[in-house]
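For reference, the chains in residue letters:
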Amino acid sequence: MNLDLPPLRRWLIERAVVVLSLAVDPVLPAEWEARCAPLNPAERERAQAFYFESDRHAYVAAHALLRHSLSAVIPGEPADWRFMAGPFGKPRLIDPPPGLDLRFNLSHCRSRVAVALALRAEVGVDVEALDRTARLDPGIADACFAPDEAATLRAMGDEVLRREQFLRLWTLKEACIKATGRGLSQPLNAFSIDLDRLSVRSPQLAMIHWRLAQWQVGEHLVAVAVDWPYLTPVCFIHRLLVNRH
Ligand SMILES: CC(C)(COP(=O)(O)OP(=O)(O)OC[C@H]1O[C@@H](n2cnc3c(N)ncnc32)[C@H](O)[C@@H]1OP(=O)(O)O)[C@@H](O)C(=O)NCCC(=O)NCCS
């Protein structure tokens, strides 16, 4: 697997929160070993356990992208990184290098993956296919979102716009709960997102100063949240260079 990685370390030092995103390519059987090369045995086993091939390919792409990205910032081979999970499952590095407080997060849907990196700031990322709006019932917002978010969505006459706004909120809220590391154990209705200002309205959670960003990448939405306001969000779309003969 070959990636045209940008100068990640420099960007991070210059106070960017960097999101790297990659389209998920189907993996030909002959390519499987090479694509899995950066993964550890447990990750390979998890990849094999997916029922749908597309989930398997996305998982491999996300974890390979993360490992290559880490190696672009700190000295070490992609296959050598070891991770541990926080209390709610958020992975972090075992034995992080001294002096460079690197935090990261990853997200995968079937057709696109994303990895976010930041220095000294907690970061969360989410990627969803736009066509997920067709499958998700925005009525979920009444049950899960903050009352002001649900009311705004309900008031939208235009169904297409309502579904689009729903997915924008959904991805940003997921990025937030992934930045805190509490995941879905943190109620989605405990804070609300202001889509116009791209900020969190949440007096009780100290998330009001967080930096949020969102990009439409082809047929996907990518959202990032970082708990430090002075970082510039950058989204880098990768090309995966696969040598196919
Ligand atoms: C984190 C969570 C929101 C992910 O949602 P998702 O949209 O289905 O999945 P995404 O593709 O965006 O993200 C998955 C990745 O997030 C990371 N992740 C896992 N738990 C996380 C957490 N608590 N916070 C941040 N990131 C987390 C992992 O890298 C995971 O990838 P992997 O499963 O391939 O290793 C959801 O799975 C969750 O809440 N998990 C925690 C469940 C929990 O509370 N467990 C209690 C354990 S005691």
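About the criteria used
- Residues numbered from 1 in each chain as written.
- Predicted model: local features only at pLDDT ≥ 70, side-chain atom pairs only at ≥ 80, totals over all residues.
- Heavy atoms only, no water.
- Pairing = 2+ DSSP bridges.
- Helix = DSSP H or I, 4+ residues; strand = E, 2+ residues; numbered from the N terminus.
- Axes fitted to C-alpha atoms, helices over the stretch in contact; angles between N-to-C directions.
- Contact = heavy atoms within 4.5 Å.
- Buried < 20%, exposed > 50% of the residue type's maximum accessible area, 1.4 Å probe, protein only.
- Arc of directions from axis to C-beta.
- Polar contact = N/O pair within 3.5 Å; in protein donor to acceptor, adjacent residues only side chain to side chain.
- Core = buried A, V, L, I, M, F, W, Y, C linked by side-chain atoms within 4.5 Å.
- Near = heavy atom within 4 Å.
- Areas by Shrake-Rupley, 256 points an atom, 1.4 Å probe, with all protein chains shown as cover.

With that out of the way, let us pick up the sheet that holds strand 10 (residues 211-217). Read from one edge of the open sheet, three strands run 7-11-10, paired in antiparallel fashion. Of all strands in the sheet, those with a lone pairing partner are strand 7 (123-129) and strand 10, marking the two edges. Within the sheet, the average angular offset between the axes of one strand and its neighbour, ignoring direction, is 15°. The sheet contact formed by strand 7 and strand 11 (residues 220-226) spans seven bridges and is antiparallel. Across the sheet, V125 pairs through a bridge with V224, a residue of strand 11. Against the sheet, helix 8 (residues 159-180) engages strand 7, strand 10 and strand 11, with an angle of about 150° to strand 7.

Every buried residue of helix 7 (residues 147-154) is listed here: E149, A150 and L153. Buried residues of helix 7, seen end-on, are gathered within an arc of 95° and therefore sit on one face of the element. When the buried face of helix 7 is taken as reference, the exposed residues oriented beyond 90 degrees from it are P147 and R154. Its buried side turned inward, helix 7 meets helix 6 (140-144), helix 8 and strand 8 (192-194).

Let's shift gears to the side chain of K173. Position of K173 relative to the elements: it lies in helix 8. For K173, the side chain forms a polar contact with the main-chain oxygen of L188, separated by 2.6 Å. Apart from the residues lying within four places of it in its own chain, the contact partners of K173 are F145, A146, E149, L188, F191, S192 and I193.

Right, let's get into the nonpolar core. Membership of the largest hydrophobic core comes to 27 residues, with the highest contact counts inside it found for L20, L70, V73, L102, V113 and L117. Within the residue set of this core, elements represented by two or more residues are helix 1 (8-13), strand 2 (16-23), helix 4 (53-73), strand 5 (102-108) and strand 6 (112-119). Ranked by residues supplied to this core, first place goes to helix 4 with seven residues. Contacts of L117, omitting those with residues within four sequence positions, involve L8, L12, A16, V17, V18, L20, S69, L70, V73, L102, R103 and F104. Counting 23 residues, the second-largest nonpolar core is a separate cluster that includes L153, F166, I177 and W210.

Moving on to the site of the ligand. Near the ligand, the surroundings consist of 19 residues, among which H63, F88, H108, K178 and L184 are the closest. Residue N105 places a side-chain N or O atom 3.0 Å away from a nitrogen atom belonging to the ligand. Between the ligand and K178 there is a distance of 2.7 Å, counted from an oxygen atom to a side-chain nitrogen or oxygen. Protein chains bury 68% of the 900 Å² of accessible surface belonging to the ligand in isolation. Every element with two or more residues in the shell around the ligand is listed here: helix 4, strand 5 and helix 8. In terms of residues, the shell around the ligand owes the most to one element, strand 5, which gives four residues.

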